[in-house]
Amino acid sequence: MNANELRSKYIEFFKSKQHAQIQGKSLLPDNDPTVLFTTAGMHPLVPYLLGQEHPAGKRLVDYQKCIRTGDIDSVGDPSHLTFFEMLGNWSLGDYFKEGAIRMSYEFLTSSEWLGIPAGKIGVTVFEGDDTVPRDEESASVWRSLGIPEERISYRPRSDNWWGPAGATGPCGPDSEMFYDFGKEPCGSECGPGCSCGKWLEIWNDVFMQYNKKADGTYEPLARTCVDTGMGIERTVTVLNGKKSVYDTDIFAESIASIGKAAGCVYGTDPEKDRSMRIIADHARAAAFILGDPKAVTPSNVGAGYVLRRLIRRAVRHGRKLGIEGTVFSPIMHIIIEQMAGPYPELIENKARIIEELNKEEKKFLETLHKGEKEFEKLVPNLLKNPQKIMSGRLAFKLYDTYGFPIELTSELAEESGLTVNREEFDEAFRKHQNLSRAGGGQAFKGGLIDHGEIATRYHSATHLLQQALRIVLGDHVAQKGSNITAERMRFDFSHDKPMTADEIARVEAIVNEQIRRDLPVTMEIMALDDAKASGAIALFGEKYDSQVKVYAMGDFSKEVCGGPHVEHTGVLGTFKIQKEQSSSAGVRRIRAALE
Ligand code: SER
């Protein structure tokens, strides 16, 4: 079964269960500053999940184009994509857990529909915590359908809870459906939801029971709803006995064409396969962003910046594969034709898609060429050094002056028989960051690690995060380090035990509340002592100039810092803590993203 057939079957099935088909929406959300892209099918439906009447009724079905960039580093593995399609059925105050699970099971296993053997299905349900009880109701529906106990896993909130991209709004426990690839379990704990590669999540039934408020509390919804999301690419993978989304016919033609341009065959070299997959994924995402009626083009802000990064990353992998000319031209036609049935906007905007891609590719290649020339000039001298090592400082200079990504420097160095001292680079990178973050680096040309708008946003988010942590955990919290890339931030701080799920949720809610308040960000230059006396947070042990910049975010936060920062917190999007873990003795580390 291919993607088109799956899409049609899903819609047909739910129509036969009295669902009205509604139109999927733009990839760029309407009037919603909290996210850059539509990240799930439920996103455009939030007002209805919260209680508004939907003109099409109480049972809806649709397919929705989505983009998630939080996992961009995992793209190329068997299951991760930036662009994907989500099939969804919705109950707005109609059926709830039992109805949703029974329909999911029927669609998955009935020979009239997908016909997946029941023995291949495993499920997870919410295990419960201090705030919300264990979801025994869902578990017992699964049992009644014949799913054996060992294929029902109870999982924590971090796995089996869904809220909207914004931290507040409709949310509830979910029950996820997994396909068993048949591998041996990785250990005694291995069950549905385990990430060892045995299980692949294909569908998620979310039971919207609560409205999460800004103060972190959950208020029961007057009308419960169901939001489900089935990933087309993953489901096509299992229906066709494949192990990876990239091995399905969704990608077959574009990957083959990339291989042709690069003179290599898919499936023979894992490194090259990964590059081919990344190009195929990023090109598809770029086609959809450029083809969206909202017409985003590459830029240094917001969705345009994400688009630019996707394009540039694809170009880099194209060069890594040895593709000299354009990476996009050969595959764009394939992608557009393949997807134009369900998404006619791709044909309508075909000229714009191709033109913008070519323009951006050309621009990036020029920057690359310039940097590469500089690099070549350095090589003869470096080769005189008996260890053939390129210092991390030099690599950092290339990064700082020419915007040369370290991966590229390493690749070029390797081609010339050199090795980059990566530790030294990381050290220089960190120092640079600390300097700019602490304000002591005001004289340091360059400022923030990445002048991109997104990195600036993350930088501003660290201020909100630090203050929120102090509110929730106490005044002992002090920043110990941070690391920002265009995709995420890492923040280290003093605290001697793991944060609880509730503390994490509260911190997230507080940060998002400050974003929603759209606080003005202001800067004042003052004497260090005055800054400290005014209550501004300064880094312990950091050396500051006598005059420092103090950044305030409304009445919420005040820090000595070099900047730069956003002008208003409202542009930050939605703050999401992805991980909280130990960093070293007495220091915790948070990894978070703005979505
Ligand atoms: N919102 C849920 C998800 O994205 C189900 O649609 O997984």
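Residues numbered from 1 in each chain as written. Predicted model: local features only at pLDDT ≥ 70, side-chain atom pairs only at ≥ 80, totals over all residues. Heavy atoms only, no water.

**Describing the overall build of the chain**
Scanning the chain from N- to C-terminus turns up 17 helices and 18 strands. Its C-alpha atoms give the chain a radius of gyration of 25 Å, near enough to 25 Å, the size a compact globule of 595 residues would have. Each principal axis of the C-alpha distribution contributes one length, and for the chain these read about 70 × 60 × 50 Å. Buried residues in the chain amount to 56% of all 595 residues. Nonlocal contacts in the chain, meaning residues at least 24 apart in sequence, comprise 69% of its contacts between residues at least 6 apart. (Helix = DSSP H or I, 4+ residues; strand = E, 2+ residues; numbered from the N terminus. Rg over C-alpha atoms; globule rule 2.2 N^0.38 Å. Buried < 20%, exposed > 50% of the residue type's maximum accessible area, 1.4 Å probe, protein only. Contact = heavy atoms within 4.5 Å.)

**Overview of the environment of W203**
Positionally, W203 belongs in strand β8 (residues 199–212). Between the C-alpha atoms of W203 and E253, which are 50 residues apart in sequence, the distance is 26 Å. Within the structure, the side chain of W203 is placed 3.0 Å from the side chain of T228, a separation counted as a polar contact. (Polar contact = N/O pair within 3.5 Å; in protein donor to acceptor, adjacent residues only side chain to side chain.)

**Here's the deal with unusual backbone geometry**
With phi around 65 degrees, Q18 is a residue other than glycine that occupies positive phi space. Looking at the secondary structure, you find Q18 in the loop between α1 (3–16) and β1 (20–21). On the accessibility criterion, Q18 (59% relative accessible area) is exposed. Although it is not a glycine, K388 sits at a positive phi angle of roughly 55 degrees. Of note, K388 is situated in the loop between α11 (350–384) and β10 (389–390). For K388, a relative accessible area of 31% gives the class partly exposed.

**Overview of the sheet that holds strand β16 (residues 557–560)**
Pairing within the open sheet is antiparallel, and its three strands lie in the order β14-β15-β16. Two strands close off the open sheet at either side, each with one partner strand: β14 (521–527) and β16. With strand direction ignored, the average angle separating the axes of adjacent strands in the sheet is 25 degrees. In the sheet, strand β15 (residues 547–553) pairs with β16 via four bridges, with the strands oriented antiparallel. Within β16, the position partnered with A552 by the bridge is K558. (Pairing = 2+ DSSP bridges. Axes fitted to C-alpha atoms, helices over the stretch in contact; angles between N-to-C directions.)

**Some details on the pairing of strand β3 (residues 83–92)**
Buried residues dominate β3, accounting for 10 of its 10 residues. Residues F83, E85, L87, N89 and S91 of β3 are buried on one face, and the alternating residues F84, M86, G88, W90 and L92, pointing to the opposite face, are buried as well. Across nine bridges, the pairing between strand β2 (residues 59–67) and β3 is antiparallel. Bridging from a neighbouring strand, D62 pairs with G88 of β3. Strand direction decides the pairing type here: β3 and strand β9 (residues 218–231), joined by five bridges, are antiparallel. Paired with W90 across the strands is D227, a residue of β9.

**Concerning helix α4 (residues 136–144)**
When α4 is considered as a whole, its buried residues turn out to be S138, A139, V141 and W142. The arc enclosing the buried residues of α4, seen along the axis, measures out at 160 degrees, which places them on a common side. Elements in contact with the buried residues of α4: α3 (97–109), β4 (121–126), β5 (152–155), β7 (169–180) and β8. G146 lies just past α4 and shows a positive phi near 100 degrees. (Arc of directions from axis to C-beta.)

**Remarks on the packing of aromatic side chains**
Two aromatic rings, taken as a pair, are described by how far apart their centres are and by the angle between their planes. As enumerated under the stated definition, the model contains 22 aromatic pairs in all. Ring geometry for Y246 against F251: centres 5.0 Å apart, planes inclined by 40 degrees, an arrangement best described as tilted. Across the pair, exposure class does not vary: Y246 and F251 are buried alike. For the pair F491 and F493, a centre-to-centre distance of 6.2 Å together with 25 degrees between the ring planes defines the contact as stacked. Judged by its relative accessible area of 0%, F491 is buried. (Phe/Tyr/Trp six-rings, centres within 6.5 Å; stacked < 30°, edge-to-face > 60°.)

**Brief notes about the packing of α3 against α4**
Close contact between α3 and α4 brings their axes to 10 Å; oriented N to C, the two are set at 35 degrees. Seen from above, α3 lies across α4 with right-handed handedness. Here K97, E98, I101, R102 and Y105 of α3 lie close against α4, whose contacting residues are E137, S138, V141, W142 and S144. Here the residues of the contact of α3 with α4 are counted per class, giving four nonpolar, two polar and four charged. (Left-handed = near helix turned anticlockwise from the far one by under 90°. Nonpolar A, V, L, I, M, F, W, Y, C, P; charged D, E, K, R; others polar.)

**Thoughts on the sheet that holds strand β12 (residues 479–484)**
Taken together, the four strands give an open sheet; going across it, the order is β12-β13-β18-β17, and neighbouring strands pair in antiparallel fashion. Looking at the sheet topology across the chains shown, the edges are occupied by β12 and β17 (575–584). On average, adjacent strands in this sheet sit at an angle of 20 degrees to one another, irrespective of strand direction. Taken together, the five bridges between β12 and strand β13 (residues 489–494) define a ladder with antiparallel strand orientation.

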